[in-house]
Amino acid sequence: MKRKERPPRRMQSAVMAAFSLISLSIMLIFGSVMYLRFSASSRGEMIQSTKKLMEQTGESMEDYLISMRQISDAVYYNVIKENDFSDKDNRIQKGMNLLYEANRSSLRSIAVYNNYGSLTAAEPVALQKEDPDITRQEWYIKAVDEMENMHFSTPHIQNLFDDAARRYYWVISLSRVVELTDHGVSQPGVLLVDMDYSSISRMMKKINTANNGQYYYLCDSDGKIIYHSRQIQISNGIFDENSVQAAAYKDGVYEETFHGERRKVLVNTISYTGWKLVGIIPYSAFTHGMFNIRYFIVMFILLMAMMLAVVNRMISVRISSPILKLNDSVREYEAGEKPEIYIGGSLEIRHLGCSIQRSYEQIDSLMHKIVLEQNERRKSELDALQSQINPHFLYNTLDSITWMVEDGRNDEAVFMISELARLFRISLSKGRTVISIKDELQHARSYMNIQKIRYKNRFSITFDAEPSLESCCIVKLVLQPVLENAINYGVRGMDDCGEIKVTGRRADGNIILSVADNGVGMSEEEAAFLLTDSSRVPKRGSGVGLVNVNNRIQILFGREYGLKVESEPDEGTTVSICIPAVPYTDENRSILENGNYVAGKK
């Protein structure tokens, strides 16, 4: 028997898929936690490094502004306050020149104005522009309004002096109120120190080198921009900055959303000035710096996934292998083989295997018992059907022989007795139910020879069977009841013109034995009735109908075999017997008689 192909190992796949899903979920959760932890740590480190950078920049800027304050103090206390502007030796001018030359790398000019806004002294010596309106300038107003403090202005273009080279300088003005002495008379004035803005700009440019969106800017306490990397765009209204809000912050780290963008804002106040050094870190900068971490986590997850795939494969095989082996042995059993049921694996699987083994053994025992019982029942049915044939025919034949002897027809009586002996020798067949077609045809010839004598040759009989059929198996005594019906219901009432023909042929691997007569025939409904009504009482004959023959054939060969009746009124009747082409051997005969032929087909 062909072994069934092993089905896809769905269980092993399901176990591996379940383990893989669980492992993948754990890895994703673990990877997400790792990423969040690294992200938080990286964000904290970025904020801390930004704070340190701002602190260092703030300290450098404070040092620079302190140096400017020191220059302003030196001009005031060492030059202006110690000298009189009416001095013909020009000591004030010389002192201012000395200080300017010593600090010219960070200074643009030093100037002193009286309380009317008139220029009293300046270094380097330059011509003042016409009507610069000093008293209306912001640095002058702040100095006068708050006399006790020094004031730093926002960056602006110096507009006080003419430059022969026609160059314009960006400066930050440090202004303060000072006491001027002229001819011994004290009067208030304003000292102006213009710092070179490029020094502040260089400090800010030095820290604005990040390419991840992070930047720094400088504003005063009112939010006015002192330095910004996009200062031109801000001046033109193309870009906007939240500097007013930043100026209100105290030193620290803040989170805000500006123009729909989340960002961190770090504020550091520059001493003495009220300026705010502001650092901006957009959240995109945090993710920008996480690329390497994401790459590391992805590679780590992939490596773990490959390792877990191997481990999951081993676990799934270890779990599913005993069950699959048990399933394979069960499938082999279902396919008709007799394998040993697999017993192995865990305790539960071994117990299941033992249970299945015991169940199959009990099923085999019950099936064997059922087969024996069915075989006995078939034999009993065959014996019962067989026993219905002989008594009727024997009675009729012996009655005919008695008439012949009484009429002195001794030769005919001897012939009938010889044919009857031959007929009963085949009928007995040593108690066998299955005989060869050759013996069945001989039995039919003997039966028809007896009947022809009984009916005084009112009909003719011919046999036309292929010789190759004679070596095949058939249930004995199936032709006799069909021939008897052909005589009684077909040609009995005809005068010397009745014809009965027995033929045998092969068709589609089966054997078809036909008994045809040219008798009165019958309707299609009545013909079908012959094979369906077992309780029908025949009008004449042995009383054993075609139902008997059909049942006997189907008991041995199966429901697909048996008799077929074809008839038309006044045309005759043909009864076809269909049986399988089974060679007649002792083995095949034994299989048929034991009922194993039908069971084997099932």
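Residues numbered from 1 in each chain as written. Predicted model: local features only at pLDDT ≥ 70, side-chain atom pairs only at ≥ 80, totals over all residues. Heavy atoms only, no water.

Describing the overall build of the protein
Of regular secondary structure, the protein possesses 17 helices and 18 strands. Across the 602 residues that make up the protein, the buried fraction comes to 43%. Long-range pairs, those at least 24 residues apart, make up 66% of the contacts in the protein with a sequence separation of at least 6. Here the protein has roughly 33,300 Å² of accessible surface; of this, 53% comes from carbon and sulfur atoms. (Helix = DSSP H or I, 4+ residues; strand = E, 2+ residues; numbered from the N terminus. Buried < 20%, exposed > 50% of the residue type's maximum accessible area, 1.4 Å probe, protein only. Contact = heavy atoms within 4.5 Å. Areas by Shrake-Rupley, 256 points an atom, 1.4 Å probe, with all protein chains shown as cover.)

Side note on the nonpolar core
One finds Leu483, Ile500, Ile553, Phe557 and Ile577 to be the most contacted residues of the largest nonpolar core, which totals 58 residues. Of all the elements, helix α12 (residues 437–454) adds the most residues to this core, at 7 residues. Each residue touching Ile553, except ones within four places of it in the same chain, is listed here: Val475, Val478, Gly558, Tyr561, Gly562, Leu563, Ile577, Cys578 and Ile579. Residues Met61, Val75, Leu191 and Met203 belong to the second largest nonpolar core, which totals 47 residues. (Core = buried A, V, L, I, M, F, W, Y, C linked by side-chain atoms within 4.5 Å.)

Re the environment of Tyr561
Within the secondary structure, Tyr561 sits in the loop between α15 (546–557) and β17 (562–568). Linking Tyr561 and Asn510, residues 51 residues apart in sequence, is a C-alpha distance of 9.3 Å.

Quick notes on the sheet that holds strand β15 (residues 498–507)
The strand order β13-β15-β16-β18-β17 describes an open sheet built from 5 strands, whose pairing is mixed. Each edge of the open sheet carries a strand with a single partner, namely β13 (459–465) and β17. Along the sheet, successive strands turn relative to each other by an average axial angle of 15°, direction set aside. Across 7 bridges, the pairing between β17 and strand β18 (residues 572–580) is antiparallel. Each bridged residue has a counterpart across the sheet, and for Leu563 the counterpart in β18 is Ile577. (Pairing = 2+ DSSP bridges. Axes fitted to C-alpha atoms, helices over the stretch in contact; angles between N-to-C directions.)

Let's talk about the side chain of Asp220
Within the secondary structure layout, Asp220 lies in the loop between β7 (215–219) and β8 (225–227). Although Asp220 lies buried, it forms no salt bridge, and the closest oppositely charged side chain, Lys142, sits 5.2 Å away as judged by the N-O distance. At 3.0 Å, the side chain of Asp220 and the backbone nitrogen of Gly223 are in polar contact. Here Lys224 takes part through its backbone nitrogen, which lies 2.7 Å from a polar atom of the side chain of Asp220. Among all residues touching Asp220, those that are not within four sequence positions of it are Thr154, Ile226, Ala247, Gly274, Trp275 and Lys276. (Lys, Arg positive; Asp, Glu negative; His and termini not counted. Salt bridge = Lys/Arg side-chain N within 4 Å of Asp/Glu carboxyl O. Polar contact = N/O pair within 3.5 Å; in protein donor to acceptor, adjacent residues only side chain to side chain.)

What to know about the confidence of the model for the protein
Regions with low pLDDT should not have their predicted coordinates read in detail. Looking at the protein, the pLDDT average stands at 82 and 88% of residues meet or exceed 70. For the protein, per-element mean pLDDT is lowest for helix α17 (residues 596–601), which scores 66, and highest for strand β16 (residues 510–517), which scores 94. Counting contacts from residues 1–8, a segment whose pLDDT is below 50, to residues more than four positions away or on other chains yields 7 contacts. For the stretch residues 539–544, pLDDT sits under 50, and the model shows 13 contacts to residues farther than four places along the chain or on other chains. (pLDDT = per-residue confidence, 0-100.)

As for the packing of helix α11 (residues 410–428) against α12
The N-to-C vectors of α11 and α12 enclose an angle of 150°; their axes lie 9 Å apart at closest approach. When the axes of α11 and α12 are compared, the pair comes out roughly antiparallel. Relative to α12, the crossing made by α11 is left-handed. Taken together, the residues of α12 that come into contact with α11 (itself represented by Glu412, Phe415, Met416, Glu419, Leu420, Arg422, Leu423, Ile426 and Ser427) are Asp439, Gln442, His443, Ser446, Tyr447, Asn449, Ile450, Ile453 and Arg454. Class assignment of the residues belonging to the contact of α11 with α12 gives a composition of 8 nonpolar, 5 polar and 5 charged. (Parallel < 35°, antiparallel > 145°, perpendicular 65-115°, else oblique. Left-handed = near helix turned anticlockwise from the far one by under 90°. Nonpolar A, V, L, I, M, F, W, Y, C, P; charged D, E, K, R; others polar.)

Concerning the environment of Ile450
Positionally, Ile450 belongs in helix α12. Between the alpha carbons of Ile450 and Leu423 there is a distance of 9.6 Å; along the sequence they are 27 residues apart.

Structural notes on the sheet that holds strand β9 (residues 252–258)
Each strand in a sheet pairs with its neighbour through backbone hydrogen bonds, running either in the same direction (parallel) or in the opposite one (antiparallel). A sheet is described by the order of its strands in space; here 5 strands give the open sequence β8-β7-β11-β10-β9, paired in antiparallel fashion. A single partner strand is all that each edge strand has here, and the edge strands are β8 and β9. For this sheet, the mean angle separating the axes of adjacent strands, direction not counted, is 35°.

Concerning the pairing of strand β5 (residues 170–182)
With 10 of its 13 residues buried, β5 lies for the most part within the structure. Strand direction decides the pairing type here: strand β3 (residues 151–152) and β5, joined by 2 bridges, are antiparallel. Counted as the bridge partner of Phe152 is Leu174 from β5. With 2 bridges joining them, strand β4 (residues 156–157) and β5 adopt antiparallel strand pairing. Across the sheet, the residue bridging to Ile157 is Trp170, located in β5.

With respect to helix α16 (residues 586–593)
Of the positions making up α16, those classed as buried are Arg589, Leu592 and Glu593. Buried residues of α16 fall within an arc of 95° about the axis and therefore sit on the same side. Backbone geometry just downstream of α16 places Gly595 in the positive-phi region, at approximately 75°. (Arc of directions from axis to C-beta.)

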